[in-house]
Amino acid sequence: MSDDEILEQRRLARQEKGERDAELLQLHVLAADAMTGSGSQQVRERALSRVDTWEERALCSPRYIAEWRRMLNLPPSALRQTMLRHDAEGVALRQNTPFGFLKGRQQ
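This text gives an overview of the structure that appears in the document. (Residues numbered from 1 in each chain as written. Predicted model: local features only at pLDDT ≥ 70, side-chain atom pairs only at ≥ 80, totals over all residues. Heavy atoms only, no water.)

1. Describing the packing of helix 1 (residues 3-34) against helix 5 (residues 88-95)
Helix packing for two helices is described by the angle between their axes and how far apart those axes are.
Then step 1. As a packed pair, helix 1 and helix 5 sit with axes 10 Å apart at the nearest point and diverge in direction by 80°. Between helix 1 and helix 5, the angle is such that the two are roughly perpendicular. Of the residues in helix 5, those touching helix 1 at K17, D21, L24, L25 and H28 are V91, R94 and Q95. (Axes fitted to C-alpha atoms, helices over the stretch in contact; angles between N-to-C directions. Helix = DSSP H or I, 4+ residues; strand = E, 2+ residues; numbered from the N terminus. Parallel < 35°, antiparallel > 145°, perpendicular 65-115°, else oblique. Contact = heavy atoms within 4.5 Å.)

Next comes the structure, spelled out in structure tokens:
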């Protein structure tokens, strides 16, 4: 494989990751909105249940489990700010989301 082909593959991989990160950000905007609307307690409980499953089945890093538990117990405005942050930790947390059940609600 030539250097140009390798560079092109890397460029495409970065582009795909950027697209996936954007999709996950939109999912978490939807989640943040759901956490402030009617039914917010049900959304919170379902997300916490997902985190419990991660822990029971060792499906996720204990660090992400602890952080999502902490975040899901924040007031809605603080949760929104934390979930939607753009730093590396925010991006990593969105890669391990307990809000996958909201995907069908995305527009």
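The discussion continues.
2. So, the packing of helix 3 (residues 62-72) against helix 5
Then step 1. It is the contact of helix 3 with helix 5, at a shortest axis distance of 11 Å, that shows an interaxial angle of 95°. It follows from the interaxial angle that helix 3 and helix 5 lie roughly perpendicular. On helix 5, the residues touching R63, Y64, E67, W68 and M71 of helix 3 are E89, A92 and L93.
Then step 2. In terms of residue class, the contact of helix 3 with helix 5 is made up of five nonpolar, no polar and three charged. (Nonpolar A, V, L, I, M, F, W, Y, C, P; charged D, E, K, R; others polar.)

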